[in-house]
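Structural characterization, general
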Number of protein chains: 2
Amino acid sequence: MKDKTGLSERRKKILNALVDSYITDAEPISSAAIKDKYMPDVSTATIRSELATLEEMGYLNQPHISAGRVPSSKAYKFYVDNILSSEAQFDEQEIKSVLATKYASIKEIVKDSAKIVSDVTNYTSMLMISSTDNITVNDVKVIDMYDGTALVLIVTNNGSIKDKTIKLPESNIANYIEVANGLLYRTFAGKRLVEIVHSHNVIDAQLKDFEQLFEQVLNMIIDYKNARESQIQIEGKDKIFNYPEYNDVNNVKNFMSIVNDQDKLHEIVKDKDGSIEFSIKIGTEDDEQLSDMAVVSAKYKFSGEEVGQLGVIGPQRMDYKKVLSVLKEIGNLFDNN
Amino acid sequence: MKDKTGLSERRKKILNALVDSYITDAEPISSAAIKDKYMPDVSTATIRSELATLEEMGYLNQPHISAGRVPSSKAYKFYVDNILSSEAQFDEQEIKSVLATKYASIKEIVKDSAKIVSDVTNYTSMLMISSTDNITVNDVKVIDMYDGTALVLIVTNNGSIKDKTIKLPESNIANYIEVANGLLYRTFAGKRLVEIVHSHNVIDAQLKDFEQLFEQVLNMIIDYKNARESQIQIEGKDKIFNYPEYNDVNNVKNFMSIVNDQDKLHEIVKDKDGSIEFSIKIGTEDDEQLSDMAVVSAKYKFSGEEVGQLGVIGPQRMDYKKVLSVLKEIGNLFDNN
DNA sequence: TTTTAGCACTCGCATAGGTTGAGTGCTAAA
DNA sequence: TTTAGCACTCAACCTATGCGAGTGCTAAAA
């Protein structure tokens, strides 16, 4: 009985057993260990010959000839596909109760989601804000403060507000502020950030007295967009020290350099296919930097709108079941908010 | 010729030479090495006997009997005192020119100061905002936005503004907002944050209709104070991988745990004596966590007002001369702004 | 054809012994 | 007080050796 992977049921069982075991113990698994824990009714010799085949097929590696087998990237990929296609395995109830006992309100969970994911999964987590394509400016207001300074407020459709004090230009126009507010509203309100940023000539037609003000507002919008786009929050960097693969300083170094490299992270999590909910990248040998690393992330929505991605970075030997269930559960909390 | 350290000039010279050498090479120094590089006119035997005395006095350690000597915490302390008391050694001109060529404007330097310090010194850096004791509230304003929501602005004397949208309570008071603004101004303007936070009963005497609003404003002030107090920005965590003492994962782990522990950092840098400009903490053996670590930090002022501390965290074997000059130079830039 | 027992083989790991060389402490003379 | 000289120590490195875990292969059993 085979499917598209070309693996017999027994080989699948062995492969899953092996990955499972490696995820918990981080040690090469011998044929005897598999027999004892998972398949007591066949001999080690049988398992050995299966292992040899699986190795030939690229699912397993052998650190050296007299060691047990270790899963390859390909094996991890098989393993997570397997989890994903059998949703029943998610232990939702348990995760839910952990979240419920540790965190009082949903509000708290939303605010600290990255931290919580890191805490509950015991891996380093990552919160990434989506592109700003869907953000629009609702209103722009200039508020008079005191002797020549004013406050500019920009209200966007996702509720956040950017403020900044500016110096008002000298002007003898009556009701300068009121007029400015009207102009600003007509120019910016209802527009998407991208539109605004890409249409520099918007201002030219206006009166000269407002040129400087418009310039400042435009810069604020650009700054806001840039800041939002590059925001990645990382939590629990220390967590990796819990895993023996990071007893080697070089691995730690490598890990830190990835985690601190915003561009790299963006590139990894970037989704080409808009429809997938979970993104699981398991590094291959090609990418030196990502070898032996895995990144699991999920899009999350808020009031139906997609706002970002939340995920976990760690060794390939990762507890995918747990990570996936946590991400899923948190995603649900967000969405039902 | 001795001073309060009780060290002869020759011993001082040897001690300085030894620390200097260890700072660059990170290797135990032998009597022969000192002779060659610093004191060719005495024999190694002489130096050896001096080394033995210095070790007895607690300035030096010997990893094992047939190795050279390594500076102790006490030696580092002696070394930095020495630097501090002879300002001439600062290589200000060089630092200045590095800063000038790498960073275009002073504005840029101020904004990214932590990053710059880390870049130029090649150590992990730390930017810490001072206590909020001197911050006062200049003004509080409620601004009507749209259907029942309003924006609260709190302006402080250091220019920053905290804003938040709130829901206005149902009320049939005419000119609710105007009245509220008056009340808020009279209650909060000119007061120091500490005062406000510690006098919860301020509101009770007021009209009931404003109770909720006052509550919200008070919470904003409390949040602001807390947020400001706990802000520590760390830059260049990876830098430590450049130093051989961090080839041991345990040291890395230890380092990371300190760097991520805001409370610990506060405690380390906290100044008891308000008059010192530089704070140099060289960990002793007592504090397990801080052994073999040093933290150098400087207060920095902005327009004459002290606003925070900027510093560097690294191994005790730190290039104190360089670090101190960089911090000093940046401090000057701030102050002359 | 598949499974199994048996056995020789490989190789990492741990331990022990041997050598080398850097650097010391001590002593006795300058 | 300084110096030369020398014996001594010890980490670092290498080699040898045994052990044991785990394999691959083969030939017989199912």
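Since the model is a prediction, treat every value here as computed from it, not as a measurement.

**A closer look at the overall build of chain A**
- Tallying secondary structure elements over chain A gives 13 helices and 10 strands in all.
- Every one of the 337 residues in chain A was classed for burial, and the buried ones make up 46%.
- In chain A, of all internal contacts separated by at least 6 residues, the share reaching a separation of at least 24 is 61%.
- Surface summary for chain A: the accessible area is close to 16700 Å², and the carbon and sulfur share equals 47%.

**Details of the interface of chain B and chain A**
- Facing the 23 residues of chain B at the interface are 23 residues of chain A.
- Across the interface of chain B and chain A, roughly 1900 Å² is buried in total on both sides, 68% from carbon and sulfur atoms.
- At the junction of chain B and chain A, the tally comes to 4 residue pairs in polar contact (both at pLDDT 80 or more).
- Its residues assigned to classes, the side of chain B that touches chain A shows 12 nonpolar, 4 polar and 7 charged.

**Notes on the protein's contact with DNA strand C**
- Taken together, 19 residues lie around DNA strand C, and Ser43(A), Thr46(A), Ile65(A), Ser31(B) and Arg69(B) are the ones closest in.
- For DNA strand C, the fraction of atoms within 4 Å of the protein that belong to sugar or phosphate moieties is 75%.
- The contact in question runs from a phosphate oxygen of DNA strand C to an N or O atom on the side chain of Arg10(A), over 3.0 Å.
- In terms of residue count, helix 3 (residues 44-56) of chain A provides more of the surface near DNA strand C than any other element does, 3 residues in total.
- In the surface near DNA strand C, the residues fall into 5 nonpolar, 9 polar and 5 charged.

**What to know about the relation of the copies chain B and chain A**
- You can overlay chain B on chain A at an RMSD of 0.4 Å; the transform is a turn of 180° with a shift of 0.1 Å along its axis. Given the turn and translation reported, the copies of this chain are related as if by a two-fold rotation axis. When each C-alpha of chain B is compared by its distance to the rotation axis, Val249(B) comes out closest, at 2.7 Å.

**A few points about the protein's contact with DNA strand D**
- Around DNA strand D, 19 residues are found, and the nearest of them are Ser31(A), Arg69(A), Ser43(B), Thr46(B) and Ile65(B).
- A distance of 3.0 Å separates a phosphate oxygen of DNA strand D from a polar backbone atom of Ser43(B).
- Ser66(B) places a polar side-chain atom, nitrogen or oxygen, 3.2 Å from a base oxygen of DNA strand D.
- Residue contributions to the surface near DNA strand D peak at 3 residues, all from helix 3 (residues 44-56) of chain B.

**As for the packing of aromatic side chains**
- Considering all chains together, one arrives at 14 aromatic pairs over all chains under this definition.
- A ring pair is formed by Tyr246(B) and Phe255(B), whose centres lie 5.7 Å apart and whose planes are at 65°; its orientation type is edge-to-face. This pair shows no difference in class: Tyr246(B) is buried, exactly as Phe255(B) is.
- Grouped by ring-pair contacts, the aromatic residues Tyr76(A), Tyr79(A) and Tyr320(A) constitute a single cluster.
- For the cation-ring pair, Lys74(A) lies above Tyr59(A), with the distance from its terminal atom to the ring centre recorded as 4.6 Å.

**Digging into the packing of helix 1 (residues 9-25) of chain B against helix 3 of chain B**
Residues and elements named next belong to chain B.
- For the pair helix 1 and helix 3, interaxial distance at closest approach is 10 Å and the crossing angle is 85°. By the criterion of interaxial angle, the relationship of helix 1 to helix 3 is roughly perpendicular. Note on element contacts: helix 3 touches helix 1 through Thr-46, Ile-47, Glu-50, Leu-51, Thr-53 and Leu-54, opposite Arg-10, Arg-11, Ile-14, Leu-15 and Leu-18.
- Grouping the amino acids of the contact of helix 1 with helix 3 by side-chain chemistry returns 6 nonpolar, 2 polar and 3 charged.

**Let's talk about the pattern of salt bridges**
All names here are of chain A.
- Within the structure shown, the criterion is met by 18 salt bridges over all chains.
- Note that Glu-50 is salt-bridged to Arg-10, the shortest N-O span being 2.8 Å. Taken together, the residues Glu-50 in helix 3 and Arg-10 in helix 1 (residues 9-25) connect sequence positions 40 residues apart.
- By relative accessible area, Arg-10 is classed as partly exposed at 34%.
- Two residues, Arg-11 and Glu-50, come together in a salt bridge whose shortest N-O distance is 2.8 Å.

**Considering the environment of Phe214(B)**
Residue and element names in this part refer to chain B.
- Note on placement: Phe-214 falls in helix 10 (residues 211-229).
- Taking relative accessible area as the criterion, Phe-214 reaches 0% and is therefore assigned buried.
- Between the C-alpha atom of Phe-214 and that of Val-296, which follows or precedes it by 82 residues, the distance is 42 Å.

**Re the packing of helix 8 (residues 176-188) of chain A against helix 10 (residues 211-229) of chain A**
All names here are of chain A.
- Between helix 8 and helix 10, whose axes approach to 11 Å, the crossing angle comes to 45°. Here helix 10 runs oblique to helix 8, going by the angle between their axes. Between helix 8 and helix 10 the crossing geometry is right-handed. For the pair formed by helix 8 and helix 10, the contact residues are Tyr-176, Ala-180, Leu-183, Leu-184, Thr-187 and Phe-188 on the first element and Leu-213, Phe-214, Val-217, Leu-218 and Ile-221 on the second.
- Of the residues that constitute the contact of helix 8 with helix 10, the class distribution is 10 nonpolar, 1 polar and no charged.

**Some details on helix 13 (residues 320-335) of chain A**
Residue and element names in this part refer to chain A.
- With 16 residues, helix 13 should cover 22 Å at 1.5 Å per step; its first-to-last C-alpha distance of 22 Å lies within 8% of that length.
- Where burial is concerned, most of helix 13 is hidden: 12 out of the 16 residues are buried.
- Looking only at helix 13, the buried set comprises Tyr-320, Val-323, Leu-324, Ser-325, Val-326, Leu-327, Lys-328, Glu-329, Ile-330, Gly-331, Leu-333 and Phe-334.

**What to know about unusual backbone geometry**
- Phi angles above zero are rare outside glycine, and Asn122(A) is one such case at about 70°.
- Tracing the backbone through its elements, the reader meets Asn122(A) in the loop between helix 7 (113-121) and strand 3 (124-129).

**Quick notes on the pairing of strand 3 (residues 124-129) of chain B**
All names here are of chain B.
- With respect to burial, strand 3 is a largely interior element, 6 of its 6 residues being buried.
- With burial as the criterion, each face of strand 3 is covered, one bearing Thr-124, Met-126 and Met-128 and the other bearing Ser-125, Leu-127 and Ile-129.
- As paired strands, strand 3 and strand 7 (residues 232-235) are joined by 4 bridges and run antiparallel to one another. When the sheet's bridge partners are listed, Ser-125 is paired in strand 7 with Glu-235.

**With respect to the side chain of Glu50(B)**
- Judged by its relative accessible area of 6%, Glu50(B) is buried.
- Other than its neighbours up to four places away in sequence, Glu50(B) contacts Arg10(B), Arg11(B) and Ile14(B).

**Regarding the side chain of Thr124(A)**
Residue and element names in this part refer to chain A.
- Considering the arrangement of structural elements, one finds Thr-124 in strand 3.
- Among the polar contacts listed, one links the side chain of Thr-124 to the backbone oxygen of Gly-236, at a separation of 3.0 Å.
- If near-sequence neighbours (up to four positions away) are discounted, Thr-124 is found in contact with Ser-118, Ile-234, Glu-235, Gly-236, Lys-237, Lys-239, Ile-240, Phe-255, Gly-311, Val-312 and Ile-313.

**Topic: helix 12 (residues 262-269) of chain B**
Residue and element names in this part refer to chain B.
- The complete set of buried residues in helix 12 reads Lys-264, Leu-265, Ile-268 and Val-269. Each buried residue of helix 12 sits inside an arc of 120° when the element is viewed along its axis, so together they form one side.
- For helix 12, the capping residue at the N-terminal end is Asp-261, with a side-chain oxygen 3.2 Å from the backbone nitrogen of Asp-263.

Criteria and thresholds
- Residues numbered from 1 in each chain as written.
- Chains lettered and ligands numbered in written order.
- Predicted model: local features only at pLDDT ≥ 70, side-chain atom pairs only at ≥ 80, totals over all residues.
- Heavy atoms only, no water.
- Helix = DSSP H or I, 4+ residues; strand = E, 2+ residues; numbered from the N terminus.
- Buried < 20%, exposed > 50% of the residue type's maximum accessible area, 1.4 Å probe, protein only.
- Contact = heavy atoms within 4.5 Å.
- Areas by Shrake-Rupley, 256 points an atom, 1.4 Å probe, with all protein chains shown as cover.
- Buried area = accessible area lost by both parts, 1.4 Å probe.
- Polar contact = N/O pair within 3.5 Å; in protein donor to acceptor, adjacent residues only side chain to side chain.
- Nonpolar A, V, L, I, M, F, W, Y, C, P; charged D, E, K, R; others polar.
- Near = heavy atom within 4 Å.
- Least-squares fit on C-alpha atoms with pLDDT ≥ 70 in both.
- Phe/Tyr/Trp six-rings, centres within 6.5 Å; stacked < 30°, edge-to-face > 60°.
- Lys NZ or Arg CZ within 6 Å of the ring centre and 35° of its normal.
- Axes fitted to C-alpha atoms, helices over the stretch in contact; angles between N-to-C directions.
- Parallel < 35°, antiparallel > 145°, perpendicular 65-115°, else oblique.
- Salt bridge = Lys/Arg side-chain N within 4 Å of Asp/Glu carboxyl O.
- Left-handed = near helix turned anticlockwise from the far one by under 90°.
- Expected span 1.5 Å × (residues − 1).
- Pairing = 2+ DSSP bridges.
- Arc of directions from axis to C-beta.

In short, shape yes, function no, at least from these values alone.
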